[in-house]
Amino acid sequence: EIDITLKCIVVGNGEVGKTSLITRFVKGDFTDEYKKTIGTDFLETEFFCESADENVTLHLWDTAGQEVFSTMTRGYYRGSAICVLAFSTVDRASFEAVKKWMGRVEEECGPIPMILMQNKIDLLSDSSEVSLKDGDRLAEELDLPIVRTCVKDERGVRELFDTLVGTYFEL
Ligand code: GDP
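Residues numbered from 1 in each chain as written. Predicted model: local features only at pLDDT ≥ 70, side-chain atom pairs only at ≥ 80, totals over all residues. Heavy atoms only, no water.

Caption draft 1: Structural detail: the pairing of strand β3 (residues 54-61). Counting buried positions over the eight residues of β3 gives six, a clear majority of the element. By the bridge criterion, six bridges tie strand β1 (residues 4-11) to β3 in an arrangement that is parallel. Its bridge partner lying in β3, K7 is registered against H59. Across eight bridges, the pairing between strand β2 (residues 42-49) and β3 is antiparallel. Within β3, the residue paired with C49 across the bridge is E54. (Buried < 20%, exposed > 50% of the residue type's maximum accessible area, 1.4 Å probe, protein only. Helix = DSSP H or I, 4+ residues; strand = E, 2+ residues; numbered from the N terminus. Pairing = 2+ DSSP bridges.)

Quick look at the structure:
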């Protein structure tokens, strides 16, 4: 049995829920505190991807507060196999920034599998800064899958990683 390890980066503006996603997924808990740093470069977790019927080890890399993308180091991107592009339903600027983040990832990593994560879906309303339609349009424009998540109650989190890792194995 071959053990496959995939480096997964999670990029997007600050406060969209990247650290929460990673800690929730890896440790199964959700911290309400803003975490500037997770102490290490990445968190590791075993993951069984149902759609690909494959077991993988994921190395999840948080930006740890370095969200100004011009300051992100090359080492952060180096060797990435897959990428989560995260934005928040209640933060228009984070939505507008997705294309920039995607461009940066492509610059550093080439055309690796990526997925759009529309987080804080629990806060969706008629007046929220980003609608479901906005998300759908962006997904269509960028030709990427989109998964809606509420990291707070873990909604969508497994689906997000299952779809993303599945895309990797489709290549
Ligand atoms: P990061 O800067 O992108 O790593 O974002 P964090 O993970 O630190 O989260 C920023 C804030 O959003 C924290 O206060 C989290 O508790 C909160 N948050 C994260 N995900 C959700 C979610 O799905 N719903 C709600 N309501 N709050 C969330």
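After that view of the structure, there is still more to cover.
Caption draft 2: Representation of the sheet that holds strand β6 (residues 146-148) in the model. Pairing within the open sheet is mixed, and its six strands lie in the order β2-β3-β1-β4-β5-β6. A strand with exactly one partner marks an edge of an open sheet, and here the two such strands are β2 and β6. Between one strand axis and the next, the sheet turns through 30° on average, direction left out of account. When strand β5 (residues 114-119) meets β6, the two strands line up parallel, connected through three bridges. Looking across to β6, one finds that M117 is bridged to V147. In the packing of helix α6 (residues 157-170) onto the sheet, the strands contacted are β1, β2, β3, β4 (82-88), β5 and β6, and the crossing angle to β2 comes to about 80°. (Axes fitted to C-alpha atoms, helices over the stretch in contact; angles between N-to-C directions. Contact = heavy atoms within 4.5 Å.)

Caption draft 3: Layout of the pairing of β2. Across the two faces of β2 the burial differs, with L43, T45, F47 and C49 buried and F42, E44, E46 and F48 not buried at all. Hairpin connection of β2 to β3: four residues between the antiparallel strands, including D53 at a positive phi of 55°.

Caption draft 4: How the structure looks around the packing of aromatic side chains. Taken as a whole and judged by the stated rule, the model has seven aromatic pairs. Between the aromatic rings of F87 and F95, the centroid separation amounts to 5.3 Å while the plane-to-plane angle is 65°, which identifies the pairing as edge-to-face. A single burial state applies to F87 and to F95, both of which are buried. Three or more aromatic residues joined by ring pairs form one cluster here, namely F42, W61, Y76 and Y77. (Phe/Tyr/Trp six-rings, centres within 6.5 Å; stacked < 30°, edge-to-face > 60°.)

Caption draft 5: View of the side chain of T89. If you trace the backbone, T89 turns up in the loop between β4 and α3 (92-96). Those residues in contact with T89 that sit more than four places away from it in its chain are Q118, N119, K120, I121, L124, S128, E129 and V130.

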